[in-house]
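Structure assessment
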Amino acid sequence: MELEQRFGAANYNPLPVVLTRGQGCHVWDENGNKYLDMMGAYSAVSHGHAHPRLLSILNEQANRLSVVSRAFHTDRLGQFLERACEITGQDMALPMNTGAEAVETALKGARRWAYERKQVPTDQAEVIVCEGNFHGRTLAAIAMSSEPEYRENFGPLPSGFRLIPFGDADALDSAITPNTAAFFVEPIQGEGGIVIPPDGYLARCAEICQRENVLLICDEIQTGLGRTGHLLACHHDKVKPDGLLLGKALGGGILPVSLFLARRDVMELFRPGSHGSTFGGSPLAAAVAKTALDVLLDEDLITNSRLMGEYLLDGLKKLSSPVLADTRGRGLFIGMEIDPERISARAFCERLMEQGILTKDTHATVVRLAPPLIIRRQEVDWALTRIERVLRRIEAQ
Ligand SMILES: *Cc1c(COP(=O)(O)O)cnc(C)c1O
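These figures come from a predicted structure and were not determined experimentally.

Here we come to the overall build of the protein. What the protein contains, in helices and strands, is 14 helices and 15 strands. Whereas a compact globule of 397 residues would reach a radius of gyration of roughly 21 Å, the protein reaches 21 Å, a difference of no more than 12%. Reported as C-alpha extents along the three principal axes, the dimensions of the protein are approximately 65 × 55 × 45 Å. Sorting the 397 residues of the protein into buried and exposed places 55% on the buried side. For the protein, contacts bridging at least 24 residues in sequence account for 71% of all contacts bridging at least 6. Of the roughly 17500 Å² that the protein leaves accessible, carbon and sulfur atoms contribute 49%. The average position of the 42 basic charges and that of the 50 acidic charges among the side chains of the protein differ by 3 Å.

Residue placement: Ser174 occurs in helix α8 (residues 169–175). Ser174 sits in the exposed class, given a relative accessible area of 60%. Distance in space between the C-alpha atoms of Ser174 and Ile164 is 9.5 Å, their sequence separation being ten residues.

This part takes up the sheet that holds strand β11 (residues 324–330). As a general point, the strands of a sheet are linked pairwise by backbone hydrogen bonds and lie either parallel or antiparallel. In spatial order, the strands read β11-β12-β15-β14; together these four strands make up an open sheet with antiparallel pairing. Of all the strands in the sheet, just β11 and β14 (361–362) have a single pairing partner and so form its edges. In this sheet, strand β12 (residues 333–338) lies alongside β11 in antiparallel orientation, the contact comprising six bridges. Within β12, the position partnered with Leu324 by the bridge is Ile338. Sheet contacts for helix α12 (residues 301–318): β11, β12 and β15 (366–369); angle to β11, the most-contacted strand, approximately 170 degrees.

This part is about the pairing of strand β5 (residues 126–130). Each regular strand shows side chains that alternate between the opposite faces of the sheet. β5 sits mainly inside the fold: five of its five residues count as buried. Both faces of β5 are covered, namely the face carrying Glu126, Ile128 and Cys130 and the face carrying Val127 and Val129. Sheet topology note: the β5/strand β7 (residues 180–185) ladder contains three bridges and is parallel. Its bridge partner lying in β7, Glu126 is registered against Thr180. Here β5 runs beside strand β6 (residues 161–164); their pairing, made up of four bridges, is parallel. Within the sheet, the bridge partner assigned to Val129 lies in β6 and is Leu163.

The rules behind each value
- Residues numbered from 1 in each chain as written.
- Predicted model: local features only at pLDDT ≥ 70, side-chain atom pairs only at ≥ 80, totals over all residues.
- Heavy atoms only, no water.
- Helix = DSSP H or I, 4+ residues; strand = E, 2+ residues; numbered from the N terminus.
- Rg over C-alpha atoms; globule rule 2.2 N^0.38 Å.
- Buried < 20%, exposed > 50% of the residue type's maximum accessible area, 1.4 Å probe, protein only.
- Contact = heavy atoms within 4.5 Å.
- Areas by Shrake-Rupley, 256 points an atom, 1.4 Å probe, with all protein chains shown as cover.
- Lys, Arg positive; Asp, Glu negative; His and termini not counted.
- Charge placed at Lys NZ, Arg CZ, Asp CG, Glu CD.
- Pairing = 2+ DSSP bridges.
- Axes fitted to C-alpha atoms, helices over the stretch in contact; angles between N-to-C directions.

Have a look at this one:
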């Protein structure tokens, strides 16, 4: 911790624990203390730590071929992209590494589509985004954000973004102009505090986008791949977006792997030289990510997410503690809204840590519960007893 403090930029404020090992839903610190991981690395660790099938393909592929750049074809990339398109219903995909890069890729794709397919005048394309969004930390992603903390003294920022309230389809309708390229939205806002929009919101947005010839691009970097109890969170509203962003869990909790997937008429506008990534789509990343998709389906982690999520949410509601102002979620994507008069979400997480549960606050008052999707009932039961203990102690103060 001291070395990180001396040599590392302080752009995070981690809990004071030093982790050295992980297995399944659990991690261990340097003193051998065991914790239930209810953070899941912001949903990057959905398959659990050190999943045997993922470790096996990682080793096998690393021994064969890891990185060659996109200057050449490999025997891995095509199969990965095919699988990703197959299960999401998208036509084509472009591989990158981090989520923020997928967001940048989608922005480029949407803008190019606006100019070359919709005849929007040069440099006039607009992208509509939602208040409270999180699309990453690059300059364009923070330019999309409404969060002053993310933007402060990082300007000048890219322009062409228009903010509307999240969950308000009429606001989308009124914000669209002839220059609108796309509407970027998280089906459930993650970093914004696990914010679930009204029922049917995304379906209405999809209707509006289709009518107005605007691309609906769903950022499912956090909500995708089973996290909310469906393969994609947009499936709750039976929506197939025009463009889709995946990341985090796509790398099986091992590597950074992201994708921008979209309709052919958008993706075909990327031509040689127009975009790229040295590591994106490497055979190592492709092999691990394809297997991550296979494991997700073979082990039915999506159903487990739905069942364990319902069970956990139900258990939390039954605790009916005045410390919890609200508990909400879909699948294993749950937010506990803490009454700030009683305790801060950060302090709540420190109490949980003392009880053997690791997670992190988001947006000052919300504690996120997003364990690996492999979690079992007995671990959820254990977590509920520990959470209850923390709640009762705060109530008694
Ligand atoms: C985490 C996240 C990103 C950014 O992903 P990185 O891999 O951290 O760059 C983008 N959008 C959403 C919705 C996210 O949750």
